[in-house]
Every structure is written in structure tokens, then in C-alpha cells.
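In case you want the letters, here they are:
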Amino acid sequence: MTKEKEKTEPTPTYLLGSDEQQKWMQKYFFAPRGIAFAEPGIVALDNPKMSALNITKSSYQIRPEVFNLNWLSEATKVKKEELKKRLLRLYDEHLIILVLNGSVQVEGFGLYYWIVKLREGTSPKIKKEFGDWYQNKDEICSSWETEGDFDFFNGNHMRVLDNLIWNVIMPLGQRPEVEYVHLCPIRRDIREDWLNMPDAPGGMYRQYSWGEEEEKNLLKCQDKLDATDIKIIKAINQKRPMKDYFDFKVLAEISGLDPKDMEEGIKDLIESKRIVVPLIYMNWQKMGLTHKMYLIKLSQIIPSWRKAEIADELAAIPEFNLVLEFTDSFYDIAVRACNQTTNVEKLLEKIQSYTEVETVKQSNMVKQYRRWVDRLDDHNGFWEESIFTDDFLQDYTVRKEEK
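Residues numbered from 1 in each chain as written. Predicted model: local features only at pLDDT ≥ 70, side-chain atom pairs only at ≥ 80, totals over all residues. Heavy atoms only, no water.

(A) Focus on the overall build of the protein. When you go through the protein residue by residue, the secondary structure sums to 13 helices and twelve strands. Relative to its 403 residues, the protein shows a buried fraction of 54%. In the protein, 73% of the contacts between residues at least 6 apart in sequence involve partners at least 24 apart. By element, 51% of the accessible surface of the protein is carried by carbon and sulfur atoms, the whole surface being about 19,100 Å². (Helix = DSSP H or I, 4+ residues; strand = E, 2+ residues; numbered from the N terminus. Buried < 20%, exposed > 50% of the residue type's maximum accessible area, 1.4 Å probe, protein only. Contact = heavy atoms within 4.5 Å. Areas by Shrake-Rupley, 256 points an atom, 1.4 Å probe, with all protein chains shown as cover.)

(B) A look at the packing of aromatic side chains. This model, assessed by the stated rule, comprises 15 aromatic pairs. A ring pair is formed by Y60 and Y91, whose centres lie 5.4 Å apart and whose planes are at 75°; its orientation type is edge-to-face. Taken together, the positions of Y60 in the loop between α2 (51-59) and α3 (69-76) and Y91 in helix α4 (residues 80-92) put the pair 31 residues apart, joining distant regions of the chain. Each residue in the set Y60, F67, Y91, Y245, F246 and F248 is aromatic and connected to the rest through ring pairs, giving one cluster. The ring of W210 has K234 sitting right over it, with the charged end atom 4.8 Å from the ring centre. Positioned above the aromatic ring of W71, the side-chain terminus of R240 is 4.1 Å from the ring centre. (Phe/Tyr/Trp six-rings, centres within 6.5 Å; stacked < 30°, edge-to-face > 60°. Lys NZ or Arg CZ within 6 Å of the ring centre and 35° of its normal.)

(C) A look at the side chain of S142. Here S142 shows up in strand β3 (residues 142-148). At a separation of 3.1 Å, a polar atom in the side chain of S142 contacts the main-chain amide nitrogen of W372. The residues touching S142, leaving out its near neighbours within four places in the chain, are Y113, F153, N154, G155, R370, R371 and W372. (Polar contact = N/O pair within 3.5 Å; in protein donor to acceptor, adjacent residues only side chain to side chain.)

(D) Local environment of the pairing of strand β5 (residues 178-192). In terms of burial, β5 is a largely internal element, eleven of the 15 residues being buried. Pairing of strand β2 (residues 110-118) with β5 involves seven bridges; the strand directions are antiparallel. Residue pairing across strands places I115 opposite H182, the latter belonging to β5. Two strands pair when backbone bridges link them, and β5 and strand β6 (residues 195-196) are joined in this way by two bridges, in the antiparallel orientation. Its bridge partner lying in β6, R191 is registered against N196. The antiparallel pairing of β5 with β6 creates a hairpin that spans two residues between the two strands, and D193 there sits at a positive phi of about 50°. (Pairing = 2+ DSSP bridges.)

(E) Seen up close, the confidence of the model for the protein. Confidence along the protein averages 89 in pLDDT terms, with 87% of residues attaining 70 or more. Low confidence marks residues 1-16, where pLDDT is under 50. Its contacts with residues over four positions away, or in another chain, come to 15 contacts. (pLDDT = per-residue confidence, 0-100.)

(F) Quick look at the packing of helix α5 (residues 124-136) against helix α6 (residues 161-173). Across the interface, α5 lies against α6 with an axial gap of 11 Å and an inter-helix angle of 170°. On the basis of their axis angle, the class for α5 and α6 is roughly antiparallel. Every residue of α6 that contacts α5 at F130, W133 and Y134 is listed here: N167, V168, P171 and L172. Class assignment for the residues of the contact of α5 with α6 results in six nonpolar, one polar and no charged. (Axes fitted to C-alpha atoms, helices over the stretch in contact; angles between N-to-C directions. Parallel < 35°, antiparallel > 145°, perpendicular 65-115°, else oblique. Nonpolar A, V, L, I, M, F, W, Y, C, P; charged D, E, K, R; others polar.)

(G) View of the packing of α3 against α4. Taken N-terminus to C-terminus, the directions of α3 and α4 make an angle of 100°; their axes are 9 Å apart at the nearest point. As judged from the angle between their axes, α3 and α4 are roughly perpendicular. Within the contact between the two elements, α3 uses L69, N70, L72, S73 and T76 and α4 uses K80, L83, K84 and L87. In the contact of α3 with α4, the residues fall into four nonpolar, three polar and two charged.

(H) Main features of unusual backbone geometry. Phi is positive for D193, close to 50°, though the residue is something other than glycine. With respect to the element layout, D193 can be found in the loop between β5 and β6.

(I) Looking closely at the pattern of salt bridges. Applying the stated criterion to the full structure yields 34 salt bridges. Note that K273 is salt-bridged to D268, the shortest N-O span being 2.5 Å. The pair K273 / D268 is uniform in exposure class, with both members buried. Here the salt bridges do not stand alone but share partners, grouping E82, R86, R89, E93, D226 and D229 into one network. (Salt bridge = Lys/Arg side-chain N within 4 Å of Asp/Glu carboxyl O.)

(J) Layout of the pairing of β2. For β2, a buried count of nine out of nine residues is recorded, marking the element as mostly surrounded by other parts of the structure. Covered by surrounding structure in β2 are G110, Y112, W114, V116 and L118 together with L111, Y113, I115 and K117, the residues of both alternating faces. Bridge analysis of β2 against strand β4 (residues 152-158) gives seven bridges, and the strand direction is antiparallel. Bridging across to β4, G110 finds its partner in M158.

(K) A look at the nonpolar core. Residues F67, L72, Y113, F153, I266 and F326 are the most contacted members of the largest nonpolar core, which totals 79 residues. Among the elements that line this core, the one with the most residues is strand β7 (residues 276-282), at six residues. (Core = buried A, V, L, I, M, F, W, Y, C linked by side-chain atoms within 4.5 Å.)

(L) Spotlight on the environment of I165. Tracing the sequence through the fold places I165 in helix α6. Taking C-alpha positions, I165 is 9.3 Å from L183, a pair spaced 18 residues apart along the chain. If near-sequence neighbours (up to four positions away) are discounted, I165 is found in contact with M170 and P171.

In C-alpha cells form, the structure reads like this:
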């Protein structure tokens, strides 16, 4: 390849941000590997471009009209006053939360999931003690309790890996009840709660879809949501331009900010740079639902491109409402499906049909403690408390050495 050709080739589509933001990488033959891959695209949470999301996050609980109810009414054929009434009820009954999914690698974080297996015979009292500790550990951003081949599945975005290991994992990881803890660093965060994340392949980004029978099955297995509620949740998560997502006039009324500036800012972050993705999270545990999670270990001799390809193929199955690809881990891929609305045995057969699959661990997700730093423990009065302790400028390893 000539130098002239090198200069004219566009930045690969998998890189976040503009060519200018990624210019620092052009002096390297291989693009640097690891976290902070696209760090020059960083946007602080208090940046004016985040205004639309920040104002919505702070006000939708009492002002659901911050969402574009004109568009939503047309999409659902539900009148605006009825939409407001239902959205308020869904929130008040703790059935939905607006969560903000970030491309944390842009902010200089590594995204790590980790599983905990307790020894056979560990009492429910001890397991609850672990769960309560994870619930209240503010460095943890997402956390589930499970039953099956493993007992907990937690997630952290951390800048310093030592801080995760010594301050979050090891305080309980060294207890005699723990059989093992396995770290699963994220290579690609592809889908969460039926919504495709920035790492989704091709044009799948922000697509929100359920399996063919899931809506019908959901109506049969719970009584918290009716058909209209489900229609509203699916519509509000539907991929569309930002001008149709928020009502910028209402946001301007609440904040006093310029509606055009807010629209341009959030359009740049979500549609162009893929730095943050809003999602109306459906509180499945409130409806008595559970999820089957499959941790997939592939043959170690397959190339990286094939691992990514298998993850993409599994992501093409909408019944898998969570799809994660790991790196430098015992496991390669995690997928999840709802026990009550999908045929989980058939989905397992699909996974096992791959000759590259060596083993599959299975656990039922029965409880969720946090969803991207939003606490879900309404019984403790912490519903939607966005509590997160960043490890920025904190060095827990020094504390450990001092002790």
C-alpha cells in the first residue's frame, strides 16, 4: 500500500468519532489495543451536548411529555393524554426506568463483567449477604443474582483494573464460600434489554426488537402490562431521529436552554458518535419474569474474526435480549433470553449446533440489583438512585499496600 493511498483511505467505520478525533492513531502501524481506544472523543456528563438526556433523566418521572408524544401518539394510535397517564403509572409502579447506556471505552474506562460461583452447600443466608454487599457496592454498575452454574453476574466500568480486583472483587472473592471468580472483559457490548448497542454490527445500532412470539407470551404470563403498555414501551425504544425522540420545546421550557442547541448536541452524541444510548428499561423482575443466561466457551484455536462472527450470528436472533462478546477470558460470549416468553431449550440447541462451542454454562437470572448504575431495590427506597463511585483519582492498591 502506498503512502498516497494510506492518506486517502477513510477511517474504519468501527472507530467512534471523527477522523480528527482519531488522528492520534495514524502514526501507529497497528491501532492501539485495549481500553480508551477512542478516548479523544470523550464528552463529559455535564457537557451541554448531554443537556437533553440530563434534563429528561431528571424530569420524565413527573413530566413524561419530555418525550415526543406527538410522534409516540402517531406510532401507537394512543392519545397523548392517555400516553402521559400510562407513562406516569408505569414509572410510579416501578415497571420502567430511563437508563443511559454509555460507550464507556470513549470515556477511558474498561468494561468488565465477572461471575461468582459459591461452593455447593452455601446457605441462602450467606448468599443473601453476598447479594446485599453487591447491591450496596457503588463501584458496581450492573448486577444480577442467578441460580444454576454460577451465582452472581456483575459488571463494572473501571479505569484501573487493580481497583476492580482489590476493592470490588477480592473483599468477598477471598471468602471460603467462594469456589471461583472469573473475569470477563468486554470486547463488544452488542445488545442490552432487546436494544442494540454501539458495538452492534452493520446497521443494527439502536434497533429494538423482540422475538415473534414474545409479546403474545408476555401478555399471558404476567398482569402488570397490558397490550397498550407493551406497545408504548416498544414504540418509545424504536430507532428514530432524535427530533422524534424528545420534545425539545418542553425541555427548553423546563431548563431555559435553546431547543436547537439541545437537539444538535444530542443528535451528534447519539446518531453520529454513538457515545450514549437511551433506553426505557422494562423491570422484568417486577413482573415475575426470569432470564436464562448462557456463558459460551469456544474452542481456543478459532481465529478472533470467527468468534466475532458467531457473536453477530447470535445477535441476529431477537430472542437473545442480551449479547456480550468477551476477550482475554475463559468465556467468549454471553447471551440471555426470557424463560417465560421464549423457547430457551430451542435457543440452547442453536448455541450447541456450532461445532466451535466447547462448553455452555447456564444460570437463571432471578434478581437484578442495578442497571447501569441505577439502583432497582425499590423495597429499600432506592428506586432509580443513580449512584456510582468512579475510581478516577482513587488508588485502592495504595490503600492495600498501606494495610
